[in-house]
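# Coordinate inspection notes
Now for the letters of each chain:
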Amino acid sequence: MFNKDGISFFIIIVPFLSVLFISFFSISYYLKLSNESYEKEIILYKELKIKDFDLIVKTKSNDKHQEEEKFIEFVLTSAIVILFFMALFTYLMFSIIKNIIKKYKYKVQNREDELKALNENLSVKIEKGIEDAKQKDKKILEQAKLARIGSMISMIAHQWRQPLSQLSGILMELETATRFKKVDDAYILNAIAKSDKMIEFMSNTIDDFRNFYKPDKIKEEFLVSDSCLKAINIIDATLENLGINLIFNVEDDRKIFGYPTEFSQVILNIISNAKDILIEKEIKNPKIQIDIKSKGILSIITIKDNAGGIAEENKELLFDPYYSTKDSSKGTGLGLYISKLIIERNMGGELSVFNNNEGAVFKIVVAG
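The structure reproduced in this document is the subject of the present report. (Residues numbered from 1 in each chain as written. Predicted model: local features only at pLDDT ≥ 70, side-chain atom pairs only at ≥ 80, totals over all residues. Heavy atoms only, no water.)

A count of helices and strands for the protein chain gives seven helices and seven strands. When the helices and strands of the protein chain are listed from N to C terminus, the series reads α-α-α-β-α-β-β-α-β-β-α-α-β-β. The buried share among the 368 residues of the protein chain stands at 29%. Long-range pairs, those at least 24 residues apart, make up 74% of the contacts in the protein chain with a sequence separation of at least 6. With the model as given, the accessible surface of the protein chain reaches about 24900 Å², and the carbon-plus-sulfur share is 59%. (Helix = DSSP H or I, 4+ residues; strand = E, 2+ residues; numbered from the N terminus. Buried < 20%, exposed > 50% of the residue type's maximum accessible area, 1.4 Å probe, protein only. Contact = heavy atoms within 4.5 Å. Areas by Shrake-Rupley, 256 points an atom, 1.4 Å probe, with all protein chains shown as cover.)

Listed below in structure tokens is the structure:
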């Protein structure tokens, strides 16, 4: 009851009740005195039978004077009592208010100390969380880097398999001709020319891979088909080795403004994902089809496969970072996330996915 909400009530109501009580008792006492005076007068009239009028007037005057003195004495006594009560009440209220303020300050101080401790702990937890997240991101990026290097080495191996086989054939022919003494200068020079051609192809393959993963510095105009062919040339030997048929249709080609190498990386990421899902599901007659067409100022590139499509619950999460439907050893979940950033943030386009009757369809729309 004596809290910060109840104090205002007592400060207002107690003085009001005090004034009300003193008024009530004063009026009651006055009425009591008046009644006693009236009864005395009646008795006096009966005793004197109105024989001595002066004595009656004198007696009445004395009684009136005594009555006034008693009333004044009562009022003064009541006022002193009320003043004493108000002084005591003021002291009590002051003590209570002081105590409440002290408790309130103590609670505020405790709350401030708790908030301060919480902020300090929160700051430490946030710093630790940020550091843990950085370490996690670093590990994931390292995994992505290793996975990309592994994928690149695998694709280089597939690209080199044919020229290495041809080199091996040339050397075997040269060895056979040498054993049977059928080697002349023309034969040797021809074998050297063929070998140089194969070695040049292998060297260009290394340059293609090195330049492919080199980030673009400035935006430039480039043909959509050229950028797609750059990605196809990187992975076509791998697809051929796995028995995957790649179909490339150019209906309407045009130049777009952006980062050609990054755009090629997006195409390669999508083709690689399609390749992985086709192998994982062991699809018969697997195929990947790339179509390039335009509508107004927009270039539209679709990449589709026949792997059966993407589950509905995975569509919304497909472009989220670190989300992958593949085994953790085969992917980090960053490929499509980075691809979406390249197309939408760096080139102002749109990357989306949907299913058709055969499988998944990735659609890239970029303004020319």
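The subject of this paragraph is the pairing of strand 6 (residues 350–355). When strand 6 meets strand 7 (residues 360–367), the two strands line up antiparallel, connected through six bridges. Bridging across to strand 7, Asn 355 finds its partner in Ala 360. Here strand 6 hands over to strand 7 after four residues, the two strands then running antiparallel side by side. (Pairing = 2+ DSSP bridges.)

To continue, consider the sheet that holds strand 7. Pairing in this open sheet of five strands is mixed, and the strands run 2-4-5-7-6 from one edge to the other. At either end of the open sheet lies a strand with only one pairing partner, and these are strand 2 (245–250) and strand 6. Recorded for the sheet is a direction-independent mean angle of 15 degrees between the axes of neighbouring strands. The sheet contacts of helix 4 (residues 224–242) involve strand 2, strand 4 (287–295) and strand 5 (298–305), and relative to strand 2 the element is tilted by about 170 degrees. Running at roughly 20 degrees to strand 5, helix 5 (residues 260–280) makes contact with strand 4, strand 5, strand 6 and strand 7 of the sheet. (Axes fitted to C-alpha atoms, helices over the stretch in contact; angles between N-to-C directions.)

The next point concerns the nonpolar core. Counting 39 residues, the largest nonpolar core has Phe 263, Ile 267, Ile 271, Ile 301, Phe 362 and Ile 364 as the members making the most contacts within it. Taken together, the elements giving at least two residues each to this core come down to helix 4, helix 5, strand 4, strand 5, helix 7 (335–346), strand 6 and strand 7. With eight residues, helix 5 is the largest single contributor of residues to this core. In contact with Ile 364, other than residues within four places in its own chain, are Phe 263, Val 266, Ile 267, Ile 270, Ser 299, Ile 300, Ile 301, Ile 343, Glu 350 and Leu 351. (Core = buried A, V, L, I, M, F, W, Y, C linked by side-chain atoms within 4.5 Å.)

One non-glycine residue with positive phi stands out, namely Glu 282, at about 55 degrees. You can see Glu 282 is positioned in the loop between helix 5 and strand 4. Note on Glu 282: relative accessible area 67%, which makes it exposed.

Here the focus is the pattern of salt bridges. Enumeration over the complete set of coordinates arrives at seven salt bridges. Taking the shortest distance from any N to any O, the salt bridge between Lys 304 and Asp 291 comes out at 3.7 Å. Separated by 13 residues along the polypeptide, Lys 304 in strand 5 and Asp 291 in strand 4 bring together distant segments of the chain. You can call Asp 291 buried: its relative accessible area is 14%. (Salt bridge = Lys/Arg side-chain N within 4 Å of Asp/Glu carboxyl O.)

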